[in-house]
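# Coordinates in review
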Amino acid sequence: MGGCHSYPSATKADKKSLQPPDFSSEKLGINNNNLEERPYLQQQYVCQLITHTDMLALTALPPGVDKAEWLASNTVAFFKHINLFSSALSEFCTPTTCPTACGPGNTVYVWTDDHGRKLKCSAPLYFDYAMSYVQELLTDEDVFPTKAGSVFPTGFIFLVQKVFLLFFRTLAHIYWSHYRETLALGLHPQLNTLFTHLTLFCRQHALLEPEDTEPLQDLITALGQQC
Ligand SMILES: [Zn+2]
């Protein structure tokens, strides 16, 4: 893991206005997996991770590393891993199977466009918007600078928080709606490992609010007892 770019530290304000969309969610969704038993909580699955490395230690800011650089390189790495994981399941996530972008507890994620309009859309469309939004940020030199002497913009941390919320929701949807397919593909240890790393990283750097993670708090607790 880890980005291959160099991210200079940030102190100066950026002239660009960086207004992340409002990623609201509401509890009106359809549970298209229809599995109140939440199979991802079953002990025989929860205990499966691809590594039992101390992931909390992996998430900590290494001595001498700039915090913004650390957040940036991890954002790039998580983006790659989450994209890879989602693409492995993309054939199962269609407008027919997932007419709404739902997560645990029947939460529905509603996309808000650049003009503040809320768009109720299918899960594949929602996550397409989400990943395109993140990719745009990651390739914007004003937001994620890679050149020597560049600085991170003011408000960088807020953008990183929004990005990790979208990462979290992507995995939440997979746990809620595509866990059977994940099991069938034998990818549940990878999913648990990625999710554990992500939630520990977010906790370490205060990237998500308790209400963001609440729909999967039962899983976070269960996984926390494994490592
Ligand atoms: Zn889906």
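Here the structure is a predicted model, which means the values were calculated and not measured.

### So, the confidence of the model for the protein
In the predicted model, the protein carries a mean pLDDT of 84, and 83% of its residues have values of at least 70. In the predicted structure, residues 1–21 sits below a pLDDT of 50 and forms 47 contacts with residues beyond four places in sequence or in another chain. Taken as a whole, residues 26–35 scores under 50 in pLDDT and shows 23 contacts with residues more than four places along the chain or in a different chain.

### Describing the packing of helix α4 (residues 123–138) against helix α5 (residues 156–177)
Packing of α4 against α5 brings their axes to within 10 Å, and their N-to-C directions diverge by 150°. It follows from the interaxial angle that α4 and α5 lie roughly antiparallel. Considering the relative orientation of α4 and α5, their crossing is left-handed. The segment α4 lies against α5, with Ala123, Phe127, Ala130, Val134 and Leu137 engaging Leu159, Val163, Leu166, Thr170, His173 and Ser177. Split into classes, the residues belonging to the contact of α4 with α5 amount to eight nonpolar, three polar and no charged.

### A short note on helix α3 (residues 67–89)
Taking 1.5 Å as the rise per residue, α3 with 23 residues should run 33 Å; its terminal C-alpha atoms sit 33 Å apart, in good agreement. Of the residues making up α3, those classed as buried are Ala68, Leu71, Ala72, Asn74, Thr75, Val76, Phe78, Ile82 and Ser86. Buried residues in α3 make contact with α4, α5 and α7 (188–204).

### Considering the UniProt feature "binding site: Zn(2+)" (unreviewed entry) in the protein
In the numbering adopted here, UniProt assigns the feature "binding site: Zn(2+)" (unreviewed entry) to Cys93, Cys98, His173 and His178. Across 86 residues, the annotated set stays spatially compact, with a maximum C-alpha separation of 9.8 Å. Mapping Cys93 onto the fold places it in the loop between α3 and β2 (102–103). In this structure Cys93 comes out as buried when scored by C-beta crowding, with 21 C-beta atoms within 10 Å. When neighbours within four sequence positions are excluded, Cys93 is seen to be in contact with Cys98, Ala123, Pro124 and His178. Secondary-structure assignment places Cys98 in the loop between α3 and β2. Taking the number of C-beta atoms within 10 Å as the measure of exposure, Cys98 has 23 and is therefore buried.

### Focus on unusual backbone geometry
Look at Ala206: it is not a glycine, yet its phi comes out positive at around 50°. If you trace the backbone, Ala206 turns up in the loop between α7 and α8 (210–213).

### As for the nonpolar core
Nonpolar side chains in soluble globular proteins generally cluster together in the buried interior. By size, the foremost hydrophobic cluster in this structure holds 45 residues, and its most contacted members are Phe164, Phe167, Leu171, Tyr175 and Leu198. Secondary structure elements with two or more residues in this core: α3, α4, α5, α7 and α9 (217–224). By residue number, the principal contributor to this core is α5, which donates 14 residues. Setting aside its immediate chain neighbours within four residues, Tyr175 contacts Tyr40, Pro104, Leu216 and Leu219.

The rules behind these values
- Residues numbered from 1 in each chain as written.
- Predicted model: local features only at pLDDT ≥ 70, side-chain atom pairs only at ≥ 80, totals over all residues.
- pLDDT = per-residue confidence, 0-100.
- Contact = placed C-beta atoms within 7 Å.
- Axes fitted to C-alpha atoms, helices over the stretch in contact; angles between N-to-C directions.
- Helix = DSSP H or I, 4+ residues; strand = E, 2+ residues; numbered from the N terminus.
- Parallel < 35°, antiparallel > 145°, perpendicular 65-115°, else oblique.
- Left-handed = near helix turned anticlockwise from the far one by under 90°.
- Nonpolar A, V, L, I, M, F, W, Y, C, P; charged D, E, K, R; others polar.
- Expected span 1.5 Å × (residues − 1).
- Buried ≥ 20, exposed ≤ 12 C-beta atoms within 10 Å, placed from the backbone.
- UniProt positions renumbered as here; feature names shortened; annotations may be inferred.
- Core = buried A, V, L, I, M, F, W, Y, C linked by C-beta atoms within 7 Å.

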